[in-house]
Amino acid sequence: MLEIAVLASGSGTNLQAILDRQRHDPDFGARVVVVISDRPGVPALGRAGAAGVPFEVIEFGDHSTREAFTKAVCATAEAFGAGAMVMAGFMRILSSEAVERFPSRILNIHPALLPAFPGARAIEDALEYGVKVTGVTVHFVDQDVDHGPVIAQEIVKVDQADTPETLRRRIQEAEHRLYPRVIKAFANGRLRLEGRRVIWS
Ligand code: GRF
């Protein structure tokens, strides 16, 4: 069983998809042992509480540097026995120490087809650029933001009438399908890295 810490800053719909999968799929192979948020009072924490999962708030402003914040996040994940960290809408960048402590054991989900549209405004940027397809990427986290090896991607078509809200809704539907599937494969040892390429078995 892979014990995971889920890092979330907001609504936590991906966290919910993971928790739902964990509850319904006996072969999931992963268990959320703690939810960590940098913001108090967010819905993600309510979802953790409702599922009986411990949660911790680690505020960025309570730490003097990004390094100190990162140490606190890693130490909390480790204290709960997590062997991997899953970022699900976590809006803080961790320093390189996180990747050193959890090498190829941090996953992130991004609402675009990386390397297109990295950053926090991926959905708006894709719409403004005028692409006809965008989508979702799950990747391993490395030292650079939105850069690590791609594990899986799902395409979402852009409609002419889309607003950021309508496109976000369809992207999130894809996220909720894709992330639990990837976590299951990762937890069951079905992902292998060859350089930047992730090989599924
Ligand atoms: C998702 O769209 C994810 O791609 C991005 O942040 C959003 C989090 O949504 N990194 P939620 O908190 O899981 O609802």
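Read on for a plain summary of the structure. (Residues numbered from 1 in each chain as written. Predicted model: local features only at pLDDT ≥ 70, side-chain atom pairs only at ≥ 80, totals over all residues. Heavy atoms only, no water.)

Re the sheet that holds strand E4 (residues 84-87)
The strand order across the open sheet formed by seven strands is E3-E2-E1-E4-E5-E6-E7, and the pairing between neighbours is mixed. Two strands lie at the open edges of the sheet, namely strand E3 (55-57) and strand E7 (150-157), each paired on one side alone. Ignoring strand direction, the axes of neighbouring strands in this sheet form an average angle of 20°. Relative to strand E2 (residues 30-37), strand E1 (residues 2-7) is paired through six bridges, and the arrangement is parallel. Its bridge partner being in E2, Leu7 is matched across the sheet by Ile36. Against the sheet, helix H1 (residues 13-24) contacts E1, E2, E4 and strand E5 (106-110), and its axis sits at roughly 155° relative to E2. Each of E2 and E3 is contacted by helix H2 (residues 43-50), which is oriented at about 155° to E3, the strand it contacts most. (Pairing = 2+ DSSP bridges. Helix = DSSP H or I, 4+ residues; strand = E, 2+ residues; numbered from the N terminus. Axes fitted to C-alpha atoms, helices over the stretch in contact; angles between N-to-C directions. Contact = heavy atoms within 4.5 Å.)

Considering the pattern of salt bridges
The full count for this structure, using the stated rule, is 15 salt bridges. Measuring nitrogen to oxygen at the nearest pair gives 3.4 Å for the salt bridge that ties Glu128 to Arg121. (Salt bridge = Lys/Arg side-chain N within 4 Å of Asp/Glu carboxyl O.)

A short note on the packing of H1 against H2
The contact between H1 and H2 brings their axes to 9 Å, and the two run at 15°. With respect to H2, the axis of H1 lies roughly parallel. The chirality of how H1 crosses H2 is right-handed. Contacts between H1 and H2 pair Thr13, Leu15, Gln16 and Leu19 from the former with Ala44, Arg47 and Ala48 from the latter. Split by residue class, the contact of H1 with H2 holds four nonpolar, two polar and one charged. (Parallel < 35°, antiparallel > 145°, perpendicular 65-115°, else oblique. Left-handed = near helix turned anticlockwise from the far one by under 90°. Nonpolar A, V, L, I, M, F, W, Y, C, P; charged D, E, K, R; others polar.)

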